[in-house]
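Structural overview for review
Now for the letters of each chain:
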Amino acid sequence: MLEVNDISVRYDGRDALSGVGLAVREGETVVLLGANGAGKTTLIKAMNGTVPVASGEIVLNGRSLGVLSRREIARSVAVVAQENETRFPVTALEFVLSGRFVYGGPFGWETDEDVSFASQALQECDLAEFETRLMNELSGGERQRVVLARALATNARILLLDEPTANLDLAHQAMMFRLVRKRCDEGSSAVVITHDLNLAAEFADTVVLLKGGRLIASGAASDVLTAENIKEVFGVDVLLDAHPVTGGVRVTSVF
Amino acid sequence: MYLFGGTLLVLLLVVLAGAAMLGAERLPLFDLNEQQRSILFDIRLPRIFLAACVGGSLAVAGAGLQSLLRNPLAEPYLLGVSNGAALGTMLAFVLFDQLEIARPILAFAGAALATVAVYRMAKSRAGMNVERLVLSGVIVTTFLSSVIVMLTTLLDAAKLRSFTFWLLGDLSQATRNGVYLSFAAVIVGTIILTSQARALNLMMIGERDAFDFGVEVGRVRLLVFGAASLVVGAAVAASGSVGYVGLIVPHLVRLSVGSDNRLVVPFSAVAGAIFVVFADTVARTAIAPRELPVGAVTALVGAPLFIYLLRKR
């Protein structure tokens, strides 16, 4: 669905990404891991055309990102960015409905279909009672879930999530990943940035390790999350064992 | 929403009727004599209609700029846009004295240049915070003011006095042509801004959000800047710089109907008309037969609200 072919991105005269290649297939959850400044956010921004690529190409559903309009991209790709406060009194429902922009023309009002997608998304994110609440009165974690709900309400087939769990409590971190997983099981795909290696191991089909704008490893969690790779990317020693319930990789830092 | 719209329309009619009756000469609503008719149709009504158009113009410009710049304090007067238009108007006076149409055209150009200047000054790599935008507005405003003051030295004493008055907002020079032009500008401007309202709803949340969810951000910015410059240029060319209308009116409208720009923009047009017609009626009756500049009246209300909005958050 989304192919990243050997791209480089330049920021301020230095390479933020160099020679990164990656394919996001239908139904797949891809998790990007790396230290701060490794280029994870830049990669996500490149994937929906927010930052231009200096070389290489990104292909969305068979067409190069460069030839697509904003509307065409937004119909296929929805973004959950790191949260953003607004100084205007916007309700949670209005916020989620703003994600339906590409389905309306000028002067248009949202259709019943728009509203039902929005309410459903709020419900999925455990926010059914929050429709009329104002965004600037919500807690950071609640706002973050509204931001996720907006991305879900678009019905875009590809979700790009930049640290969606940063403000969330334990229960809602799991909820976030379960919702993303569920969408992927229904045929969507997702690219998620997180710093939680265990959540990555649990939910990812593909784990991608980035360091200094380069791709270090990519593949199944059990292949990629090795002590050597983690040492190289994060500079910390870890212990690896099997999760007692799921049997997946479990990562424990050694301080 | 329908209730609010209905209330606004009724209020508009009441204020228009009140403004028509009140003044240095009190007029009855019906059975006017020849002299009274002449006062009403030749002097008072053009002025009232101009006040309505100017009010609507400044209010929609404020609503549009606030959403685009993500800043409830954005306002044509405070950002220096009005002063840009004022400088354009003055240049037209100095360069093409008799050519009336040159004034709104140069006013539009001045407004557009000031808008772009303040936007570029306020924008930094880290984005645009509230204070930076307001400060950029202050810089542009004071710079343009000093240019305007220098230009006034080219004028003779009699013209100078009327100019000083005009700079603070003066509706007493209303002409038929001025009214027609302002009316056309406010209608076109409001339609353009309303057509971008859904995009502005996203811009108001964040420029990145808007971009991510399919808004052609550059195009929307161009349309909103263009429409705001159009309405402010027409308003200032006809009536000088009336301040704070674009701050007060959208704020009150948002308190009533929420933040959806599809409501805020058109309702601001009507509410702005009500507000300036009312303020102008106060300006010409409070110390009758002498007059206050209408801008002095609106600033009296607007400045405290600005402080309140700055402290809130």
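Note: the structure precedes this text.
What comes next concerns the included structure.

Each value, and the rule that gives it
Residues numbered from 1 in each chain as written. Chains lettered and ligands numbered in written order. Predicted model: local features only at pLDDT ≥ 70, side-chain atom pairs only at ≥ 80, totals over all residues. Heavy atoms only, no water. Helix = DSSP H or I, 4+ residues; strand = E, 2+ residues; numbered from the N terminus. Rg over C-alpha atoms; globule rule 2.2 N^0.38 Å. Buried < 20%, exposed > 50% of the residue type's maximum accessible area, 1.4 Å probe, protein only. Areas by Shrake-Rupley, 256 points an atom, 1.4 Å probe, with all protein chains shown as cover. Lys, Arg positive; Asp, Glu negative; His and termini not counted. Charge placed at Lys NZ, Arg CZ, Asp CG, Glu CD. Contact = heavy atoms within 4.5 Å. Salt bridge = Lys/Arg side-chain N within 4 Å of Asp/Glu carboxyl O. Pairing = 2+ DSSP bridges. Expected span 1.5 Å × (residues − 1). Disulfide = S-S within 2.5 Å. Patch = residues over 30% accessible without salt bridge, like charges linked within 9 Å, V, L, I, M, F, W, Y side chains within 5 Å. Axes fitted to C-alpha atoms, helices over the stretch in contact; angles between N-to-C directions. Parallel < 35°, antiparallel > 145°, perpendicular 65-115°, else oblique. Left-handed = near helix turned anticlockwise from the far one by under 90°. Nonpolar A, V, L, I, M, F, W, Y, C, P; charged D, E, K, R; others polar. Core = buried A, V, L, I, M, F, W, Y, C linked by side-chain atoms within 4.5 Å.

Another point: the overall build of chain B. Counting its regular elements, chain B contains 13 helices and 0 strands. Secondary structure elements in chain B, listed N-terminal to C-terminal, are α-α-α-α-α-α-α-α-α-α-α-α-α. What you see for chain B is a C-alpha radius of gyration of 19 Å, in line with the 20 Å of a compact globule of 313 residues. Along the first, second and third principal axes, the C-alpha atoms of chain B reach 65 × 50 × 35 Å. Residues counted as buried form 56% of the 313 residues belonging to chain B. Put simply, chain B shows about 13,600 Å² of open surface, and 69% of that area lies on carbon and sulfur atoms. When the 24 positive and 17 negative side-chain charges of chain B are each reduced to one mean point, those points stand 8 Å apart.

Taken together, the 32 residues of chain B in the interface contact 38 residues of chain A. Viewed at the interface, chain A and chain B are joined by 3 salt bridges. The salt bridge involving Arg 150 of chain A is made with Asp 209 of chain B; its shortest N-O contact spans 2.5 Å. Elements with a minimum of two residues in the side of chain B that touches chain A: α2 (34-69), α7 (176-195), α8 (197-205), α9 (207-212) and α12 (261-285) of chain B.

This paragraph deals with the pairing of strand β2 (residues 14-24) of chain A. Residues and elements named next belong to chain A. In this structure, strand β1 (residues 2-11) lies alongside β2, joined through 7 bridges in antiparallel fashion. Residue pairing across strands places Val 9 opposite Leu 17, the latter belonging to β2. Linking β1 back to β2 in an antiparallel pair, the connection comprises 2 residues, with Asp 12 at a positive phi of about 55°.

A few words now on α7 of chain B. Residues and elements named next belong to chain B. The first and last C-alpha atoms of α7 sit 29 Å apart over 20 residues, in line with the 28 Å expected at 1.5 Å per residue. Looking at α7, one finds that the buried residues are Gly 178, Val 179, Ser 182, Ala 185, Val 186, Gly 189, Thr 190, Leu 193, Thr 194 and Ser 195. The inward-facing, buried residues of α7 abut α2, α8, α10 (217-239) and α12.

To continue, consider the state of the cysteines. Residue and element names in this part refer to chain A. One pass over the structure, following the stated rule, counts 0 disulfides over all chains. Left unpaired, Cys 125 is separated from the closest cysteine sulfur, that of Cys 184, by 14 Å. For Cys 125, a relative accessible area of 0% puts it in the buried group.

To continue, consider a nonpolar patch on the surface. Residue and element names in this part refer to chain B. A surface patch of nonpolar side chains, about 800 Å² in accessible area, is lined by Leu 91, Val 94, Leu 95, Phe 96, Leu 99, Ile 101, Ile 105, Leu 154 and Leu 181. Top element by residues in the nonpolar patch is helix α3 (residues 81-95). It accounts for 3 residues. You can see Ile 101 is positioned in the loop between α3 and α4 (102-122). On the accessibility criterion, Ile 101 (47% relative accessible area) is partly exposed.

The next point concerns the packing of α4 of chain B against helix α5 (residues 130-152) of chain B. Each pair of packed helices gets described by two things: the angle between the helix axes and the distance between those axes. All names here are of chain B. Across the interface, α4 lies against α5 with an axial gap of 8 Å and an inter-helix angle of 135°. When the interaxial angle is binned, α4 and α5 end up oblique. Like other packed secondary-structure pairs, α4 and α5 cross with a definite hand, here right-handed. Contacts between α4 and α5 involve Ala 114, Val 118, Met 121 and Ala 122 from the former and Arg 132, Leu 133, Ser 136, Gly 137, Ile 139, Val 140 and Leu 144 from the latter. Residue classes in the contact of α4 with α5 are distributed as 8 nonpolar, 2 polar and 1 charged.

This paragraph deals with the pairing of strand β7 (residues 158-162) of chain A. All names here are of chain A. Among the 5 residues in β7, 5 count as buried, and that is most of the element. Burial of the side chains of β7 extends over both faces: Ile 158, Leu 160 and Asp 162 are buried on one face and Leu 159 and Leu 161 on the other. As paired strands, strand β6 (residues 77-80) and β7 are joined by 4 bridges and run parallel to one another. By the bridge assignment for β7, Ala 78 is matched with Leu 159. Bridge count for β7 against strand β8 (residues 189-193) is 5 bridges, and the pairing is parallel. In the strand pairing of β8, Leu 161 is matched with Val 192.

Next up on the list: the nonpolar core. Core analysis: the biggest nonpolar cluster contains 157 residues, and Leu 161 of chain A together with Leu 69 of chain B have the highest contact counts within it. Counting residues per element, this core draws most heavily on α2 of chain B, which supplies 16 residues. Excluding its chain neighbours within four sequence positions, the residues that come into contact with Leu 69 of chain B are Ala 74, Leu 79, Tyr 119, Met 128, Leu 133 and Phe 225 of chain B. Residues Val 9, Leu 60, Val 77 and Leu 160 of chain A belong to the second largest nonpolar core, which totals 30 residues.

Okay, the sheet that holds strand β10 (residues 214-219) of chain A next. All names here are of chain A. Pairing in this open sheet of 6 strands is mixed, and the strands run β6-β7-β8-β3-β9-β10 from one edge to the other. Two strands in the sheet have a free side with no partner beyond their single neighbour: β6 and β10. Pairs of neighbouring strands in the sheet enclose a mean axial angle of 15°, with direction left out of account. As paired strands, strand β9 (residues 206-211) and β10 are joined by 5 bridges and run antiparallel to one another.

All names here are of chain A. Taken as a whole, this structure holds 24 salt bridges over all chains when the rule is applied. Of the charged contacts, one joins Arg 181 and Asp 185 as a salt bridge, the two residues approaching to 3.2 Å between their closest N and O atoms. Placement of the pair is Arg 181 and Asp 185 together in helix α6 (residues 170-185), with a separation of 4 residues, close to one helical turn. Note on Asp 185: relative accessible area 58%, which makes it exposed.

All right, on to the sheet that holds β1 of chain A then. The strands making up a sheet are joined through hydrogen bonds of the backbone, oriented either antiparallel or parallel. Residues and elements named next belong to chain A. Pairing within the open sheet is antiparallel, and its 4 strands lie in the order β2-β1-β4-β5. If you trace the sheet from one side to the other, it starts and ends with β2 and β5 (63-64), each paired once. Set on the sheet, helix α1 (residues 40-47) makes contact with β1, β2 and β4 (55-60); between it and β1 the angle comes to about 120°.

Across the chain, the bulk of peptide bonds are trans and the bulk of non-glycine residues have phi less than zero. All names here are of chain A. Positive phi outside glycine occurs at Asp 12, with the angle close to 55°. The topology assignment puts Asp 12 in the loop between β1 and β2. Exposure remark for Asp 12: the relative accessible area of 65% places this residue in the exposed category.

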